[in-house]
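Fold and geometry: a report
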2 protein chains.
Amino acid sequence: MEHDIIKRLSQYKKILQKLQSLGLVRVFSDNLSDALGISSSLVRKDFATCNITGKRRGGYVVEELIERLNTLLGKDQEQQIIIVGCGKLGLALMNHKGFANDQIRVAAGFDVDPARINSDAPVPILPVDKLAAFIRNQGIQVALLTVPEDATLTMLEHLRQCGIHGILNFAAVPVKSTPDCHVQNVSLALEVEKLFYLIVSTAENANSEGIAS
Amino acid sequence: MEHDIIKRLSQYKKILQKLQSLGLVRVFSDNLSDALGISSSLVRKDFATCNITGKRRGGYVVEELIERLNTLLGKDQEQQIIIVGCGKLGLALMNHKGFANDQIRVAAGFDVDPARINSDAPVPILPVDKLAAFIRNQGIQVALLTVPEDATLTMLEHLRQCGIHGILNFAAVPVKSTPDCHVQNVSLALEVEKLFYLIVSTAENANSEGIAS
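Here is a short report on the structure shown in this document. Everything quoted here is computed from the prediction, not taken from an experiment. (Residues numbered from 1 in each chain as written. Chains lettered and ligands numbered in written order. Predicted model: local features only at pLDDT ≥ 70, side-chain atom pairs only at ≥ 80, totals over all residues. Heavy atoms only, no water.)

1. Quick word on the overall build of chain A
Under the convention used in this document: In this description a helix means any DSSP run of H or I spanning at least four residues, a strand means any run of E spanning at least two, and both kinds are numbered starting from the N terminus. Note on method: radius of gyration uses C-alpha positions; expected globular size equals 2.2 Å times residues raised to 0.38. Contact criterion: two residues are considered in contact whenever any of their non-hydrogen atoms come within 4.5 Å of each other. Surface exposure here means Shrake-Rupley accessible area, sampled with a 1.4 Å probe, where a residue is shielded only by the protein chains that are shown. Under the counting rule used here, the positive set is Lys and Arg, the negative set is Asp and Glu, and His together with the chain ends is not counted. Throughout, a charge is located at the NZ atom of Lys, the CZ atom of Arg, the CG atom of Asp or the CD atom of Glu.
Looking only at helices and strands, chain A features nine helices and eight strands. Here the C-alpha radius of gyration of chain A, 21 Å, is well above what a compact globule of 213 residues would show, namely 17 Å. Excluding contacts between residues fewer than 6 apart, the proportion of contacts in chain A whose partners are at least 24 apart in sequence is 53%. With the model as given, the accessible surface of chain A reaches about 10900 Å², and the carbon-plus-sulfur share is 51%. Distance between charge centroids for chain A: 7 Å, based on 22 positive and 23 negative side chains.

2. Overview of unusual backbone geometry
Glycine aside, residues mostly have negative phi angles, and peptide bonds mostly take the trans form. The backbone phi angle of Asn51(A) is positive, close to 55°, even though this residue is not glycine. For Asn51(A), the position within the fold is in the loop between α3 (40-49) and β2 (59-61).

3. Points about the sheet that holds strand β4 (residues 104-111) of chain B
All names here are of chain B. Our working definition: For two strands to pair, DSSP has to find at least two bridges joining them. Fitted lines through C-alpha atoms give the axes, limited to the stretch in contact for helices. The angle between two N-to-C directions lies from 0 to 180 degrees.
Spatial strand order, β5-β4-β3-β6-β7-β8: six strands in an open sheet with parallel pairing. Where the open sheet ends on each side, the last strands, each with one partner, are β5 (125-127) and β8 (182-185). Neighbour to neighbour, the strand axes of the sheet diverge by 25° on average, direction disregarded. Here helix α7 (residues 131-138) sits on the sheet and contacts β3 (79-84), β4 and β5; the angle it forms with β3, its principal contact strand, is near 175°. Helix-sheet contacts for helix α8 (residues 152-161) involve β3, β6 (142-145), β7 (166-169) and β8, and the interaxial angle to β6 is about 170°.

4. Concerning the interface of chain A and chain B
Spelled out, the test is: Take the accessible area each of two parts loses on contact, using a 1.4 Å probe, and add the two losses: that sum is the buried area. In what follows, salt bridge is the name for a side-chain nitrogen of Lys or Arg lying within 4 Å of a carboxyl oxygen of Asp or Glu. Three categories are distinguished: nonpolar for Ala, Val, Leu, Ile, Met, Phe, Trp, Tyr, Cys and Pro, charged for Asp, Glu, Lys and Arg, and polar for the others, with Gly belonging to the last.
Taken together, the contacts link 58 residues of chain A with 58 residues of chain B. Interface area, chain A with chain B, both sides summed: about 5400 Å², of which 71% is carbon and sulfur. Of all residues in chain A, Glu193(A), Phe196(A) and Tyr197(A) bury the most surface against chain B, accounting for 14% of the area lost on that side. Put simply, chain A and chain B have zero salt bridges between them. For the side of chain A that touches chain B, the leading source of residues is helix α9 (residues 188-212) of chain A, giving 15 residues. For the side of chain A that touches chain B, the residue count by class is 31 nonpolar, 16 polar and eleven charged.

5. Quick word on the packing of aromatic side chains
Residues and elements named next belong to chain A. Quick note on the threshold: Two rings from Phe, Tyr or Trp (for Trp, the six-membered ring) form a pair when their centres are within 6.5 Å of each other. A pair whose planes differ by under 30 degrees is stacked, one over 60 is edge-to-face, and the rest are tilted. Only protein chains enter the calculation, and the probe is 1.4 Å; a residue is then buried if its accessible area is under 20% of its type maximum, exposed if over 50%, and partly exposed in between.
With the rule as written, the count across this model stands at six aromatic pairs over all chains. On the basis of an interplanar angle of 75° and a centroid distance of 5.4 Å, the ring pair of Phe110 and Phe134 is categorised as edge-to-face. Of the two residues, Phe110 sits in strand β4 (residues 104-111) while Phe134 sits in helix α7 (residues 131-138), which places them 24 residues apart along the sequence. Each of the two residues, Phe110 as well as Phe134, counts as buried. Through pairs of rings, three or more aromatic residues link up here, namely Tyr12, Phe47 and Tyr60.

6. Some details on the relation of the copies chain A and chain B
Stated precisely, the cut-off is as follows: Superposition of the copies was done by least squares, using only C-alpha atoms of residues whose pLDDT is at least 70 in both.
Superposing chain A onto chain B takes a rotation of 180° combined with a translation of 0.1 Å along the rotation axis, leaving an RMSD of 0.2 Å. What we have between these two chains is a two-fold relation. Taken as a fraction of all interface residues of chain A, those also at the interface in chain B reach 100%, which identifies the copy contact as same-surface.

7. Concerning the pattern of salt bridges
Residues and elements named next belong to chain B. If you walk through the whole model with that rule in mind, you get eight salt bridges over all chains. Among the ionic pairs, Asp46 bridges to Arg8, the shortest N-O distance being 2.6 Å. Within this pair, whereas Asp46 is found in helix α3 (residues 40-49), its partner Arg8 is found in helix α1 (residues 2-21), the two being separated by 38 residues in sequence. For the pair Asp46 and Arg8, one class covers both residues: buried. Its salt-bridge partner being Arg116, residue Asp111 comes within 3.1 Å of it at the nearest N-O pair.

Rendered as structure tokens:
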């Protein structure tokens, strides 16, 4: 559910930017709901959830709305992240175009292996003992964690102690959030399992419908 | 919601395998709910959704249950997938330990770039014109799509036509499922945005609580 609202906030923002570039100053929940193919009450509910209040007669000022969405989505300033664990996946994520498209900048990578430090990656790869100072000096809040599985928990704890408030965890073992550190677990194996499940259940439904008719 | 049930099915299976290794032959919804910290009615609801029926007095045969879960999760046979697009991300996913842990095997990679074909990847990298025959001969149902963004839609359509029923799409542009092909969009940028959103909203809540008290 949390996931869905953030997705919509991001979609609202993209449409609002287009509308703004067309010269629109005010926008109504019906405009946004039409553009996204959702109900206007859902738009209003999302905005209420985010403490976004409209003007009288239900309109919103486009500029204010974009500003508020940027704050919520962390885009009022450049989003800097770090990548901890610079194996194949970590290096691939440094080059991930999807981040740049969304104004997310990888500030640095970190690794325990000296052989990976100073390799020709697109961003500097630093030794892990520089983590605390880097996070403090650069004001980093979010880290992508791509270390081997057996190092996940130790490194997670270290990142928390260094002041990281958000971690995207790519290890197969899901990790829980704490009050001061949100963890999103990206389990690619689970995503693949989900596809196989959908394929099997679609086939079963098709078969039982075939029998019924 | 779909996501949650699949996650639970996978968790049921893991616990059942442990119980089976301890010699248990039958299991009750209360056993599973205790182990997972959920309500037993949710366990029964999940099983009803999956057409899993219990014995009289509410028990289930462990072996039958595992077999059924394996079918649903696609684990009654080895899960083979292919990776289409063998850039940095595609190559990193070929080496992803999380897949092997979950009995998911990358059968081959495909790329249009002849320079990437026959590189020293852990699985063969084949030219795209071999896709159709490979999918047909190996009975592949699921593909990971890691091609550049501008090639996503064309390749997606090609994979559908080749008989692929499930696609994990890593491009920033989300793609919709069709009745014969399920698409899961993995947007890493969205996951990062989500973390920033959670950090901002947690801080705002903490502030407003501070003011209120």
